[in-house]
Amino acid sequence: MSFLKSAIIGLCAVYTGLAQEQWQWLNPLPQGNNLFGVCAVGRRIVAVGELGTVLISIDGGTCWQVKHRIDNYEGTLYDVELVDERRGWAVGEDGAVFCSRNGGETFERQQTPLQTHLYDVVFLDSLRGCAVGRWGKIIVTDDGGKHWRGAESGVLRSLHAVCRLEGDRLLAVGRGGTVLLSSDAGQSWKSVDMPTAENLRCVAYAMGKAVAAGDNGILFFSLDGGESWQRVTAGEKALDWRCAAVSGDSLFILYGVSGTKGEAAPSGELYFSRDAVEWQRAAVDWAPSIYAVRGSREDLWMVGRCGLVLRWASGAAAPETLSSSIAESLRASFFVDERHVRLAGGQQISRTNDGGKTWMTVNLNTAHQLYSVWFASADTGWVVGGGVVYRNGFPGLHGDFFFTTDGGETWQPQPTEGTLTRLRSIRFYNRRIGCTVGDGGALFKTSDGGRTWRRVDTKTRIKLFDVHLFGENHIIACGEGGRFIRSTDGGESWTRIGVPADSLLAMKFVDLSTGYAVGSGGAIFKTTNQGIKWEKIDAGVFEELRSIDFISPRVGWAVGNNGLILKTENSGQDWISIISSTRRRFTSIRVHPDGSGIIVGDGGTVLVNRRLKDVVRSTGKPQHYDLLRVFPNPFNESAQIIFKAAHGGPIEIKVYNLLGKEVTTLFSGILEEGEHRFIFNAGNLPSGLYFCRLLTDEKSTVQKMMLYK
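Below is a summary of the structure that appears in this document. By convention here, each chain's residues receive numbers from 1 onward along its written sequence. Note on the predicted model: pLDDT of at least 70 is required for a residue's local features to be given, and 80 or more for side-chain atom pairs to be given and counted; whole-chain, interface and lining totals, by contrast, use all residues. For the side-chain quantities, the full set of heavy atoms in the structure was used; hydrogens and water were omitted.

Section: the pairing of strand S25 (residues 267-273)
Item 1. The cut-offs for exposure are 20% and 50% of the maximum accessible area for each residue type, with area from a 1.4 Å probe on protein chains only; residues under the lower value are buried, those over the upper are exposed, and the others partly exposed. Under the scheme used here, helices are H or I runs from DSSP no shorter than 4 residues and strands are E runs no shorter than 2 residues, and both carry numbers assigned from the N terminus. By the criterion of burial, S25 is predominantly enclosed, with five of the seven residues buried.
Item 2. As paired strands, strand S24 (residues 251-258) and S25 are joined by seven bridges and run antiparallel to one another. The residue bridging Phe-252 from the neighbouring strand is Ser-273, located in S25.
Item 3. When S25 meets strand S26 (residues 280-281), the two strands line up antiparallel, connected through two bridges. Across the sheet, residue Tyr-271 finds its bridge partner in S26, namely Arg-281.
Item 4. Linking S25 back to S26 in an antiparallel pair, the connection comprises six residues, with Ala-276 at a positive phi of about 70°. Pairing between strands is defined by DSSP: at least two bridges between them are needed.

Points about the pattern of salt bridges
Should their charged atoms come close, side chains of opposite charge can pair.
Item 1. When a carboxyl oxygen of Asp or Glu is within 4 Å of a side-chain nitrogen of Lys or Arg, the pair counts as a salt bridge. Counted by the stated rule, this structure contains 31 salt bridges.
Item 2. Across the salt bridge formed by Lys-654 and Glu-652, the nearest N and O atoms sit 4.0 Å from each other.
Item 3. Salt bridges sharing partners connect three or more residues here, namely Arg-201, Asp-215, Asp-240 and Arg-242.

A word on the packing of aromatic side chains
Item 1. Put simply, two rings from Phe, Tyr or Trp (the six-membered ring, in Trp's case) pair if the centres are within 6.5 Å, and we call them stacked under 30 degrees between planes, edge-to-face over 60, tilted for the rest. Going through the model one piece at a time under the given rule, you end up with 22 aromatic pairs.
Item 2. Judged by centre distance (6.4 Å) and plane angle (85°), the ring pair of Phe-550 and Trp-575 falls under edge-to-face. Taken together, the residues Phe-550 in strand S51 (residues 545-550) and Trp-575 in the loop between strand S53 (565-568) and strand S54 (576-578) connect sequence positions 25 residues apart. For the pair formed by Phe-550 and Trp-575, the shared burial category is buried.
Item 3. By the ring-pair criterion, three or more aromatic residues cluster together here, those being Phe-334, Trp-374, Phe-375, Trp-382, Phe-401, Trp-411, Phe-428 and Trp-453.
Item 4. Positioned above the aromatic ring of Phe-375 is the side chain of Arg-342, whose terminal nitrogen or guanidinium carbon lies 5.2 Å from the ring centre.
Item 5. Geometrically, a lysine NZ or arginine CZ counts as sitting over a ring once it is within 6 Å of the ring centre and also within 35 degrees of the ring normal. The ring centre of Tyr-371 lies 5.2 Å from the NZ or CZ of Arg-424, which sits over that ring.

What to know about the sheet that holds strand S35 (residues 369-375)
Item 1. With respect to topology, four strands assemble into an open sheet ordered S35-S36-S37-S38, the strand pairing being antiparallel. At either end of the open sheet lies a strand with only one pairing partner, and these are S35 and strand S38 (412-413).
Item 2. The pairing of S35 with strand S36 (residues 381-391) spans six bridges and is antiparallel. Within S36, the residue paired with Phe-375 across the bridge is Gly-381.

Some words on a nonpolar patch on the surface
Item 1. Candidates for patches are residues over 30% relative accessible area with no salt bridge; among them, like charges are joined within 9 Å and nonpolar side chains (Val, Leu, Ile, Met, Phe, Trp, Tyr) within 5 Å. With residues, only the protein chains shown are counted as cover, and all accessible areas are computed by Shrake-Rupley using a 1.4 Å probe. On the surface, Val-388, Tyr-390 and Leu-397 cluster together to form a nonpolar patch covering roughly 300 Å² of accessible area.
Item 2. If you trace the backbone, Val-388 turns up in strand S36.

Topic: the pairing of strand S8 (residues 88-92)
Item 1. Judged by how many residues are buried, S8 sits mostly within the fold: five of five residues are covered.
Item 2. On S8, burial covers both faces: Gly-88, Ala-90 and Gly-92 on one face and Trp-89 and Val-91 on the other are all buried.
Item 3. Counting the residues that bridge the hairpin from strand S7 (residues 77-82) to S8 gives five residues.
Item 4. In this sheet, strand S9 (residues 97-100) lies alongside S8 in antiparallel orientation, the contact comprising four bridges. Of the residues in S9, the one forming a bridge with Val-91 is Val-97.

Notes on the environment of Leu-612
Item 1. For Leu-612, the location among the structural elements is in helix H2 (residues 612-618).
Item 2. C-alpha of Leu-612 to C-alpha of Arg-584: the two residues are 28 residues apart in sequence and 22 Å apart in space.

What follows is the structure, encoded as structure tokens:
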């Protein structure tokens, strides 16, 4: 993907459906959630995926409109079907069916009799449709989805795919070699005997020929509408077939992956056939990251991991990648200034000198993960990392330490005094004094601007995840076991401080005395005396927090697993959850004084917010806040939902399960200013994670709740 095309995708992407702060996708583009379904009618393309994600293009894939959480749905959408440029349906987890009457611009959830996952949907016309899913469940409609009803499949095995044959005939396939036929638009079904017990994952039909394929190279074709099947092979490998489609009138397409059993590095292969018998491999290298293939009259569309979108135009020698990504995994970021940003992760360093419009990536000479990056100036910087190596058959830790003097174009190994181990964080106090820490209590220090580094004995063997310097001799580091180590004499002696947490992964000091630390189990700790004592703050979350940063002494953010973003506007006293556009694990957040913020994480995720200074202006003076608390949390049977309203007005409080389905409405109406309490009774609900969402006329706040029974 060229830098120009990346910039075009970024400019064209329009984001909707996000509440609260606008943390927008910077990588991948147009977005980075996994996509599992795609459909094209003319130049209109709609793709669906995780977190209720919908992508829409009306110009053949040049520009995209991005929506997350359609109709407040947070589950995964597995398939989408357009019957024309206006009407379409999407299906997904928890029996979800959504209907669009404007080509995917908006979706409305329809009522279904199921709560199990639906994996595929097909419509015979604008009124009659059928969806299949887990445990052999089938639902049908004959009025465009106004009413869906169950149809008896006669099987309990999950059905993965369904397609239309001729007339009112439908064909469905699933686990254990299941094949079902219907001759009345899905109202009734009969089972077809198949000479396999392998899982069938995909099915396609055109011109009197049907194809069904699945695990371990299983591939069948039928010439009599699915009544009988013959086995064929495609290629020399026993691929796990994942997708089947028809492009044009009669070109069958199969996509499969190898190496899924761990015997080799995974790879993807695509085959095509005119007669469903003789298959030819496409002479293109494929990544094992495509989750859906769909043909149209002229193009073949493919979507997949981390927002991948491909188009193979008729007559073209190779597919065109319409999405862009600069990295697969990111662990750290650093603002040199507002326009110069450096990212580290995997074995790569990515850099931009124009605020993210274009990126350049350098592969470092290492096989290990890079964890942290720091630049003392626009030209001079360091990156650290490491991993496990085997010497004489025994595992050991290897450390990576590189430096650059040309802004990150080239990198050289950094000489050190002492054996390197895996290094996890690097920080500088000023241009002369810096430290890097890592496994086995490792701490290396420089006092000459990074020219030389010497190892300091920390008197501990724990993993150290982060470090902060108050001066040349005053150092504090945090690590596993909920431990801090602190030295005020340059590392000659150390004081150990313990807090109730499994691991402390990151720190941020906002001044010479006040600092914060975050870690496992949603732990947040605060100190006001340079780390001598730490106070635990209950943020009401349980996900691991991996990074924290502040733009002012009062306003800060913490990020972690499952796309968690927390925000405080009162110096850490209270934290609210910010609605995120992904469930990826966030590994780092950095905030620049100019008001720009950047979050990075798994899947090459980069989210950016360029308006954080607006938050500082709006919270410059102490004020009251709309706060949502749950007590106790975790809870058993029932919990109090405590809400403090800054002023009177309309309020709505609802509870959702992990799949985004509404469980109950606790309140919907007008409340006066002040504190209000509601009881959430969960006696009939299973144990697990739930979300309490408060909606006012100004904002939306989400609090997570853990029910244990």
